[in-house]
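Descriptive analysis of the structure
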Amino acid sequence: MCCNAPSFFIILYVTAVYFFGIYLNFISFQDYFECYACKELNFRQQDYDYIVVGSGSAGSIVARRLAENKNLKVLLVEAGSSGGGILQIPAVGVMLQKSSFDWGYRTVPQKQACLGLDDQVSIWPMGKILGGTAMLNNMIYVRGHPDDFARWFRDTCNYDYSIDILPYFEKLENNGTNKHKGSVPISDLPYKSNVSDYFLQAGICLGFGISDGVNAEPGFSSPKITIQKGQRWTPYHQLAKNRKRNLAIVTNAFVEKVLLRDNFEAYGVKYTHMEEPIFAKAKKGVILSAGVIGTPKILMLSGIGPKQHLEKMKIKPKLDLPVGDNLQDHVTTGLDLLTFDYSPNIGIRQMLSPWSMLNYFLRSRGPWTTVGCESIGFFNTAKEIVPELQFMIFPLGVTIDDGYYLSSLTGIGERLWKKYFAKIDKPSFTILPIVLHPKSRGTVRLKNNNPRTPPLINPNYLSDSYDIDILIQGIEMIKEFINTPPMHRLGVKLNPIKFPGCEKFEFDTRPYWECYVRHFTLTAYHPIGTCKMGEVVETDFKVKGTRKLYVVDGSILPDLPSGNPNGAIMMMAERAAEIIKHHCWKTQRKCCAAEVFQKECQC
Ligand SMILES: Cc1cc2nc3c(=O)[nH]c(=O)nc-3n(C[C@H](O)[C@H](O)[C@H](O)COP(=O)(O)OP(=O)(O)OC[C@H]3O[C@@H](n4cnc5c(N)ncnc54)[C@H](O)[C@@H]3O)c2cc1C
């Protein structure tokens, strides 16, 4: 493929990607001087009841819920800017990666993984925009397995999934029924390629049922997604739809640290807006929702974190907590591991067709509404109740654009492209085997005490052999999957090209696959856990040893849910908003003796 002259469609595609990149840079500055609802709240006065840092999935829910009380003045501070409606076209999400709407994080070089990727690093996109990372994600909605949450709330008195967790999912979800009338639209895929049903049939041939896809039950399904009328939906869109006058939103405002009194009470944040340092005050609380990297970074810059590390960074330690530890991510592999004797009806040509554009703008349908992934599956490899393996099936691979753009998003360098991907001479596609509960743990640490310096991210991929075993079991299952009549009909085969660096191993043996996963280690883009609930924050979301300082985002999850984590993060945000609002577990749950005597508690 590399030596062929680029086709008309590829030239058109590269031109479109280039100009769209310029357009993105332009619109990212468009609201630089904007401050929503700030006039009403006398922005310069900078005195609020609550300050929420970060407008991602969690921050938007917490800010919206707090502002429901008209007597509260709430400030939402976001480092990114607003993107505008065009970015709600689902297929555009991937183009936000590496743009000014992406923090553009990279891990440190991995010792035991990512060996074939450029510099041995994994590229981690994260949204720097109103709406956060959900503005560039795949929009797949999964709750996770009910037993996932029992692990998280092990120490809670009388924990009961149906009282402590389920009502918050139900409060979130809107699936068109009367029972679930929340704000998150949960819908079916608006667009599927012509190979999508073959995947489900192959699952049935293997003896797996069609599952609902939301509760991580064993089996395959079409994913449920968070799309409304053909447009990407995030919790920020719900907030913006009913923007309250008591909620100020300031964009392009980069929070550097939390302001703490001597008794560890948070009373505000310091942020920079247009190069000007601003000190915003909060009477009732500061909620950090800056995400799995942003939140631990702000805490450490505020003097809350591992003591020795802070001293090394020349930051005066205030509280010694394991901030930045427990980093974990759904690890995966297998891009373009399979080939077809068939061309599915989704690719560059379909995306660039004027008919697709019309179909989108007139009917909110067609290829522009694709989320990429068309089937998901959950499986146990051992006799566990909670699934250990997830599959995400994409009817295409990175080769669809001949290496002009997509490969660079995953760290595939020129050398790897030439030696492997460019040699694939058939349409390729991808089944990602995802380790749902990896055992490798990593860290986020400061590089120095300059708030603008990106932190050191080390997921320590594949440092536990369990993760390798599950990935290899996933590949074995993929081999069974493609050996079914529906896959034979499409002429699906294992890509026979040996992965660069693994040539010395016999193809399709255990040593070969171990080498393959170590060389081609990929992120499924689900990092969590760096302000672990139970160690950094209490189960009421308050940072241990502090007053009025809370963390609500993916960083608090103690471990990964069984599935894509945005659903669990939003559920936790609903729960947190209720607790912060009422200073108490004001749920239907019965209180245990200790809680009844807690001050302020209205159990
Ligand atoms: C490519 C990709 C695909 C994904 N696909 C899915 C999927 O299909 N389904 C799913 O469930 N999950 C998916 N995820 C994961 C999911 O989107 C995230 O886990 C989730 O959005 C995280 O939400 P959050 O609120 O914790 O953080 P974020 O959404 O990252 O929000 C953090 C916000 O804080 C802001 N911020 C950070 N630092 C500062 C600062 N110093 N000052 C001010 N503001 C700051 C950021 O700009 C951002 O807006 C995907 C992720 C990626 C990258």
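- The protein chain has the name Glucose dehydrogenase in an unreviewed UniProt entry, where Zophobas morio is given as its organism.
- Turning to the protein chain, the UniProt annotation filed under Sequence similarities (unreviewed entry) states: "Belongs to the GMC oxidoreductase family."

**Things to note about the domain arrangement of the protein chain**
- One can read the domain layout of the protein chain as domain 1 (31-160 + 233-327 + 441-451 + 526-603) and domain 2 (189-225 + 331-435 + 463-520).
- Look at where the C-alpha atoms of domain 1 and domain 2 centre, and you get two points 31 Å apart.
- Facing 32 residues of domain 1, the contacting portion of domain 2 comprises 38 residues.
- Summing both partners gives a buried area of about 2,800 Å² for domain 1 against domain 2, and 58% of it is carried by carbon and sulfur.
- Per-element tally for the side of domain 1 that touches domain 2: the top contributor is helix α3 (residues 146-152), with four residues.

**Looking at the pairing of strand β22 (residues 389-394)**
- Counting buried residues in β22 gives six out of six residues, a clear majority hidden from the surface.
- What you see with β22 is no split at all: Leu389, Phe391 and Ile393 on one side and Gln390, Met392 and Phe394 on the other are buried throughout.
- With five bridges connecting them, strand β21 (residues 375-379) and β22 associate as antiparallel partners. Residue pairing in the sheet places Ile376 in a bridge with Met392 of β22.
- When β22 meets strand β23 (residues 428-435), the two strands line up antiparallel, connected through six bridges. Bridge pairing in β23 links Gln390 to Ile434.

**Quick word on the state of the cysteines**
- By the definition in use, this model includes one disulfide.
- Each disulfide pairs two cysteine sulfurs, and for Cys502 the partner residue is Cys515, the sulfurs being separated by 2.1 Å. Handedness of the Cys502-Cys515 disulfide follows from its S-S torsion of about -90°: it is left-handed. With Cys502 in the loop between β26 (493-494) and α16 (510-519) and Cys515 in helix α16, this pair connects stretches of sequence that are 13 residues apart.
- Under the relative-accessibility criterion, Cys502 is labelled buried at 0%.
- Cys205 forms no disulfide, and the closest cysteine sulfur to it belongs to Cys373, at a distance of 20 Å.

Rules and cut-offs
Residues numbered from 1 in each chain as written. Predicted model: local features only at pLDDT ≥ 70, side-chain atom pairs only at ≥ 80, totals over all residues. Heavy atoms only, no water. UniProt positions renumbered as here; feature names shortened; annotations may be inferred. Domains from an automatic or database assignment. Contact = heavy atoms within 4.5 Å. Buried area = accessible area lost by both parts, 1.4 Å probe. Helix = DSSP H or I, 4+ residues; strand = E, 2+ residues; numbered from the N terminus. Buried < 20%, exposed > 50% of the residue type's maximum accessible area, 1.4 Å probe, protein only. Pairing = 2+ DSSP bridges. Disulfide = S-S within 2.5 Å.

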